[in-house]
Amino acid sequence: MKRSRAVLALDVLILITLIAAVAVLALVVIGGVESASTLSIGTPTTSSSGGVTSIVAPIQIGDRGYFSISNVVVDVAVKDAAGAQLLTGTLGPFTVNPGQTKDVTASLVLDTAGLSSAALQSLATAPQNLTVTATLGASVPPFVGVSGSVSASLKWGAPVSGLTVGQPSFSQYNSTTIEASVPVTFANDNAYFTVSGDGAVSVLDSAGQKVGSGIVSLDVPPNTQYSQNVQLLITLPASQVQSLLTQDQTLSYTAVLSIPAGGSTFTLDEPISYNWGAPLSGLTVGAPVVSAKNSTAFQVSVPVSFADHSSTISVSTDLAATLRNATSGAIVGSGTLAVSASPGGSFSGDAVVYVQIPTSELSSLFFNDATLQYSASFTGESSGVAFSVVEPISVAWGAPVSGLSVGTMTAALYNGTYSAVSTPVSFTDASSFLGLSGTVSGTITDSSGAVVGTVSPLSVSVSPGQSFSGSLAGYIENSAAGEGSYVLHLTFESQYGAVTTEVTVAA
């Protein structure tokens, strides 16, 4: 991965610059004032506020010469290889009399807020020589005052050398969370101090929103390597959960390593991506297969299939199927299907739904082929996350009485009031699953709509896909005889209920 321009820095920068400053103070005092024949440096203390770190170092100087040293002032500055000033400090003013030992304090200031990101990046990651300069002013009675400057070079080893964030490895923690293991390596090339402390790792989505986090703990002694995997948990946004259950996707994020140092926070940004495998990948609802159930319902078998492309999530749930009328939204049937699949496996099965025969539309559907439109919803739960898939379902409806046809009516005198009539009738049961058993009867009307006769009950019994033919028989008033045509009002009584239709018959 390509390293960003941001910097990963550590608190040890403060202590390392302190070493440089104290080393030069010792050089100045010993080398610039020869009568100061003894020198010891105590343990420094630090305090930080608002990005400014103050460092206090106790120093003890002994004068074993014949003359006193008075008004000693030492100003210290530390610069990096590019000339950026890292630290300033002052020692004095103080006076040391002959034969005495003097305790003085060196005050040093490190203002990280004033340092550029380029300077911090260089200090954290690149070896270089720091330049420490001290300016000395003092009086040595009875001689004249003395002054001068001293510079020294301090070899700097980068505390975070060769920082690399490797390619993460991922696993699906559950249906809403990804677990990432991010390798982080670097070398502590500094000879003085251990790199230590806790840093935070944040994961941002493409919109810059924080969706995950982790902790990186550092304890890296001088001249050693650091190589660890940082563990992260990345939460999937609720708006994506449904699609992630059923669709394989590539998820892109930015990992941001943040570590506080000297009152400031330094970061390293790294892009990471993950190929998400959906536990219900390619969830497919196939074409339904329709079959008979009973006089009030028919059976719809809906094939369901998917592949578990997840690396860790197993699927085990009861898939609830609900069928609704696509127009009205009314529930017309329901059923369940137990589904299960292991990572890398697949599933296929049939959800069986029992659908109510649409009696409200039977007057039309009994005699006319149609395509019934439904909305099928399948709901379940995977790893604690509820999901729902809605698919349109079409059922081809073949009319139980399709192509109803009647022939020419013939009449024969029955008595002084009525004539016996008969007419051939035929139809086909076009349904693929509904048989028909019952009777057909009715009345006969003339051109004015007056009832002039009856049709006697005729037994009918036909299987799905089969045809029926027979003869309707009945009686008509003699006074109505001689008209060219009549209307038969036929009532079919079947296991599905009573349905009426009208046909015109020639005479």
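Above: the structure in question.
What counts, and at which threshold
Residues numbered from 1 in each chain as written. Predicted model: local features only at pLDDT ≥ 70, side-chain atom pairs only at ≥ 80, totals over all residues. Heavy atoms only, no water. Core = buried A, V, L, I, M, F, W, Y, C linked by side-chain atoms within 4.5 Å. Buried < 20%, exposed > 50% of the residue type's maximum accessible area, 1.4 Å probe, protein only. Helix = DSSP H or I, 4+ residues; strand = E, 2+ residues; numbered from the N terminus. 1 Å grid on protein atoms, 1.4 Å probe; cavity = no way out; pocket = protein on both sides within 12 Å on 5 of 7 lines; lining within 4 Å. Points joined across faces, edges and corners; volume = space filled by probe spheres on them. Nonpolar A, V, L, I, M, F, W, Y, C, P; charged D, E, K, R; others polar. Pairing = 2+ DSSP bridges. Phe/Tyr/Trp six-rings, centres within 6.5 Å; stacked < 30°, edge-to-face > 60°. Lys NZ or Arg CZ within 6 Å of the ring centre and 35° of its normal.

A.B. asks: Help me out: how do you make sense of the nonpolar core in this one?
C.D. replies: For soluble globular proteins, nonpolar side chains are generally found buried alongside one another. Formed by 66 residues in total, the largest nonpolar core has its most connected members in Phe298, Phe366, Tyr374, Phe378, Ile444, Leu472 and Leu488. The dominant element in this core, judged by the number of residues it contributes, is strand β24 (residues 385-397), at six residues. Grouped together as the second largest cluster of nonpolar side chains are 30 residues, Val165, Phe170, Val216 and Trp276 included.

A.B. asks: What is the right way to read the layout of surface pockets from this model?
C.D. replies: For the largest pocket, the calculated volume is near 220 Å³. Residue lining of the largest pocket: 14 residues in total, with Asn325, Val332, Pro358, Glu361 and Tyr374 positioned closest to the centre. A total of four residues in the lining of the largest pocket trace back to one element, the largest contributor, which is strand β23 (residues 370-382). Looking at the lining of the largest pocket residue by residue, the classes come out as six nonpolar, seven polar and one charged.

A.B. asks: What is the right way to read the pairing of strand β14 (residues 224-235) from this model?
C.D. replies: It is a general feature of regular strands that their side chains alternate between the two faces of the sheet. Sheet analysis places strand β11 (residues 177-188) next to β14, joined by 12 bridges and oriented antiparallel. Bridge assignment links Ala187 to a residue of β14, and that residue is Gln225. Summarising the sheet, strand β13 (residues 210-220) and β14 pair through two bridges and their orientation is antiparallel. Each residue of the ladder has a partner; that of Gly212, found in β14, is Ile234. Counting the residues between successive antiparallel strands, the hairpin from β13 to β14 contains three residues, one of them, Asn223, with a positive phi of roughly 60 degrees.

A.B. asks: Explain the packing of aromatic side chains to me, please; I cannot follow it from the model alone.
C.D. replies: Here the distance between the centres and the angle between the planes together describe a pair of aromatic rings. By the definition in use, this model includes 12 aromatic pairs. Aromatic pair Phe366 and Phe492: ring centres 5.9 Å apart, planes at 50 degrees, arrangement tilted. With a gap of 126 residues between them, Phe366 in the loop between α4 (362-365) and β23 and Phe492 in strand β31 (residues 485-494) connect regions that are remote in the sequence. According to the relative accessible area criterion, Phe366 is buried, its value standing at 0%. Both rings, one in Phe367 and one in Phe492, keep their centres 5.6 Å apart while their planes meet at 65 degrees; by these two values the pair is edge-to-face. Placement of Phe367 in the loop between α4 and β23 and of Phe492 in strand β31 is noted, with a sequence separation of 125 residues between them. Each of the two residues, Phe367 as well as Phe492, counts as buried. Site record: aromatic cluster; members linked through ring pairs are Phe366, Phe367, Phe427, Phe468 and Phe492. The aromatic ring of Tyr354 is capped on one face by Lys293, whose charged end is 4.5 Å from the ring centroid.

A.B. asks: Any chance you could explain the environment of Val74 here in plain terms?
C.D. replies: For Val74, the position within the fold is in strand β4 (residues 69-79). Of the residues examined, Val74 reaches a relative accessible area of 0% and is grouped as buried. Through-space distance from the C-alpha of Val74 to that of Leu91 is 4.9 Å; in sequence the pair is 17 residues apart.

A.B. asks: Please clarify how the environment of Gln100 should be interpreted in this entry.
C.D. replies: Residue position: Gln100 is located in the loop between β5 (85-96) and β6 (101-111). In this structure, the C-alpha to C-alpha distance between Gln100 and Ser68, residues 32 residues apart in sequence, is 9.2 Å.

Geometric values such as these leave the question of function open.
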